[in-house]
Amino acid sequence: MKTLSTAVVVVGSGSAGISAAFELYQQKIPFILLERGDKVGGAGKFGAHGVFAVNSKQQQAQCVKYGYAEAFKGLTDYNHYFVNGELLARFLKLSGANIDRMTAMGLPVTVEQSEQKAHLNDPLVYHKFNNFKEKMANWDQLPAKFIAAGNQVLTETAAVDLDYSDGLKAVIVADQSGTKTRIETSKVIFADGGYCGDPDMMKAKYADADEFLNLGERKAEGTGIKLAKKLGADTTHTPVLFAHGCAPSLQINPMRRDSSVETLTNLPLLWLDKTANRFVNEDAVYDFAMWANAAHNVQGKYYVLLDQKTLDHFKTHEVPLEDTFERQFCEVGQTSRTTVGPLPNIQTDFDAAIQTGEVVKADSLADLATKLNLSLAALQRSVQSYNQAVDQHEDDVFLKPSDELLFGVTDGPVYAIVEHCAILGTLDGVNVNRNCEPVTTAGAPIKDLYVVGNNVNGLYSDGYPSYEGIANGFAFVSGWIAAQEAVKSLKQAKVEA
């Protein structure tokens, strides 16, 4: 087996991994960065639009009053005290300084109003990447800096095992051909992004896993979690799904922005679950986490109902409803649209989606009930109740705002968009201490190992909260923390030697 040697191995080059590597680079500590894919980056690079922070210099300049105390109490309360208080505190206290670090990394962000309509009046805590395309390009430039400083970046290479005996001896890695290499090292930082890419782990934790639309990193196969557990790390925790929005399919999803079907997905129309009942105030569409949680709560799948009259109206009219993803695709400073339409291609788009099964068309409610295997009585009752709410401009059950009660379902044909709970990954894995060291069930740290980002338990109780950018913010900060602690331990070992 080929042998390499370095001080620290960083597994994964997403937000947490690239942040850890950057700290080691600045501290002039030799490292090898591993990336399972053919290019650096993970969910934080390819999907995230910003990070959460408190007490940044930008916030201070704008006299933002929401700081550490408010964030700590808010997140602790939100999670009903099922949190790792020390880790949460350390993250929040470093989150503001992380904004300056990101600028130094070439990933500048600007504090800005939320991208989500439901949070437009929230405190200014969201820091959005100044330019998404530039962020991607600058991320790709970081490996060259690391390599120029004498470090190694190994793509298409994954950690597969550890040589560990009263301390870390080596990380065993394999390339795509299966050829293994032994990397002798003192520390390893697992920043490989959770386990959404491991179907067996997903099915073991989520009964509705088959319904999920996985927009996350398929290369996140739970390696860090599995290897830490193998050494005795405590991995007991309620599963936490990184649920984020909904969509019909990978072809018609919020990232593509090329289908009228997806546009109507992003509006508060009539939603019914697998039992043909309404299950939520459809205004939840304007909060990405809550929207997806609502879908997860009904086994990961629901239907958007509309009739031909509604479809024809969108084709020729501007409708006073906001596409929930409109703000996300605006660069810093751009003004978003607050209406939808006209959508001249809507019939063509729906007809195409009917062919793929992403939309089901029926001549009547009875026909739709047959095609979707729904209870006709429940379907008729739900539609009748919703139509009454539209006619009276009052939803006395789910309390949808009256200005969103625009379209009933009355005239055939009728259409059902098949919606799935979209996920960006998972947010549970290993219990760690404030230094991001994995701990045993007795609370003892497993030395020389660090677990960060989406591999970590303790920030959330059972679901992703509506604190925009918090998962990405934690990934950057936890990678920073782990690298700091690794450097401190290495220096202490050198002094002792």
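Residues numbered from 1 in each chain as written. Predicted model: local features only at pLDDT ≥ 70, side-chain atom pairs only at ≥ 80, totals over all residues. Heavy atoms only, no water.

*Asks:* Could you give an account of the overall build of the protein chain, with specific residues and numbers?
*Replies:* The helix and strand inventory of the protein chain stands at 15 helices and 18 strands. For a compact globule of 497 residues, the expected C-alpha radius of gyration is about 23 Å, and the protein chain comes in at 24 Å, within 12% of that figure. Every one of the 497 residues in the protein chain was classed for burial, and the buried ones make up 60%. Considering only intrachain contacts with a sequence separation of at least 6, the fraction spanning at least 24 residues in the protein chain is 73%. (Helix = DSSP H or I, 4+ residues; strand = E, 2+ residues; numbered from the N terminus. Rg over C-alpha atoms; globule rule 2.2 N^0.38 Å. Buried < 20%, exposed > 50% of the residue type's maximum accessible area, 1.4 Å probe, protein only. Contact = heavy atoms within 4.5 Å.)

*Asks:* Please give an account of the side chain of T324 that cites residues and values.
*Replies:* Positionally, T324 belongs in the loop between α11 (308-316) and α12 (346-356). Classification of T324 by relative accessible area gives buried; the value is 1%. At a separation of 2.7 Å, a polar atom in the side chain of T324 contacts the main-chain carbonyl oxygen of V285. If near-sequence neighbours (up to four positions away) are discounted, T324 is found in contact with E115, N266, V285, Y286, F288 and W291. (Polar contact = N/O pair within 3.5 Å; in protein donor to acceptor, adjacent residues only side chain to side chain.)

*Asks:* Describe in detail helix α6 (residues 132-148), supporting the description with residues and values.
*Replies:* Helical geometry: 3.6 residues make up each α-helical turn, so side chains three or four residues apart lie on a common side. A rise of 1.5 Å per residue sets the reference length of α6, with its 17 residues, at 24 Å; its end C-alpha atoms lie 26 Å apart and thus fit the reference within 8%. Residues of α6 that are buried sit in contact with α1 (15-26), β3 (31-35), α2 (43-46), β6 (126-129), β7 (152-155) and α15 (470-496). Here α6 starts with a cap whose side-chain oxygen sits 3.1 Å from the backbone nitrogen of K133, and that cap is N131. Following α6 by one or two positions, G150 adopts a phi angle in the positive range, close to 100°. (Expected span 1.5 Å × (residues − 1).)

*Asks:* Explain the nonpolar core residue by residue, including any values.
*Replies:* Core analysis: the biggest nonpolar cluster contains 131 residues, and L264 and F350 have the highest contact counts within it. With 13 residues, α15 is the largest single contributor of residues to this core. Among residues more than four places away in sequence, those in contact with F350 are S260, V261, L264, L306, L311, V359, Y415 and I417. (Core = buried A, V, L, I, M, F, W, Y, C linked by side-chain atoms within 4.5 Å.)

*Asks:* Which residues make up the sheet that holds strand β1 (residues 2-5), and what values do they have?
*Replies:* Taken in spatial order, the four strands line up as β1-β10-β9-β8 in an open sheet, and their pairing is mixed. One side of each edge strand has no neighbouring strand; the edge strands of this open sheet are β1 and β8 (157-164). The average undirected angle you get between the axes of adjacent strands in this sheet is 30°. Two elements, β8 and strand β9 (residues 168-175), share seven bridges in a ladder whose sense is antiparallel. Note on β9: the bridge partner recorded for A158 is A174. (Pairing = 2+ DSSP bridges. Axes fitted to C-alpha atoms, helices over the stretch in contact; angles between N-to-C directions.)

*Asks:* With reference to specific residues and values, describe unusual backbone geometry.
*Replies:* In this structure, P342 follows G341 across a cis peptide bond, with omega equal to -5°. The omega torsion across G412 and P413 is 0°, close enough to zero to call that bond cis. Of note in this structure, E156 is not a glycine but carries a positive phi near 50°. Structurally, E156 can be placed in the loop between β7 and β8. Overall, the relative accessible area of 33% leaves E156 in the partly exposed class. Backbone geometry at D448 places phi at a positive 80°, although glycine is not the residue there. Following the sequence through the fold, D448 ends up in the loop between β17 (414-426) and β18 (449-451). Residue D448 is classed as buried on the basis of its relative accessible area, which comes to 11%.

*Asks:* Tell me about the pattern of salt bridges, and please be specific about residues and values.
*Replies:* Using the criterion set out here, one finds 27 salt bridges in the structure. Between E184 and R182 there is a salt bridge, with the nearest N and O atoms lying 3.4 Å from each other. Notably, a salt bridge pairs E282 with R278, separated by 2.7 Å at the nearest N-O pair. Taking the relative accessible area as the measure of exposure, R278 reaches 13% and is therefore buried. If you follow the salt bridges from partner to partner, you end up with R257, E262, D323 and E326 in one network. (Salt bridge = Lys/Arg side-chain N within 4 Å of Asp/Glu carboxyl O.)

*Asks:* Which residues make up the packing of aromatic side chains, and what values go with them?
*Replies:* One pass over the full model with this rule turns up 20 aromatic pairs. Geometrically, the ring pair formed by F288 and F325 is stacked, given 4.6 Å between the ring centres and 20° between the ring planes. Of this pair, F288 sits in helix α10 (residues 288-297) while F325 sits in the loop between α11 and α12, and the two are 37 residues apart along the sequence. As far as burial versus exposure is concerned, F288 and F325 are alike and both buried. Three or more aromatic residues joined by ring pairs make a cluster, and in this case those are W271, F279, F288, W291, Y302 and F325. (Phe/Tyr/Trp six-rings, centres within 6.5 Å; stacked < 30°, edge-to-face > 60°.)

*Asks:* Provide a residue-level description of the packing of helix α5 (residues 85-104) against α15, including the pertinent values.
*Replies:* Between α5 and α15, whose axes approach to 8 Å, the crossing angle comes to 95°. Taken together, α5 and α15 sit at an angle that is classed as roughly perpendicular. For the pair α5 and α15, contact is made by L87, R90, F91, L94, S95, A97, N98, R101 and M102 and by I470, G473, F474, F476, V477, W480, I481, Q484 and E485, respectively. A class-by-class count of the residues in the contact of α5 with α15 yields 11 nonpolar, four polar and three charged. (Parallel < 35°, antiparallel > 145°, perpendicular 65-115°, else oblique. Nonpolar A, V, L, I, M, F, W, Y, C, P; charged D, E, K, R; others polar.)

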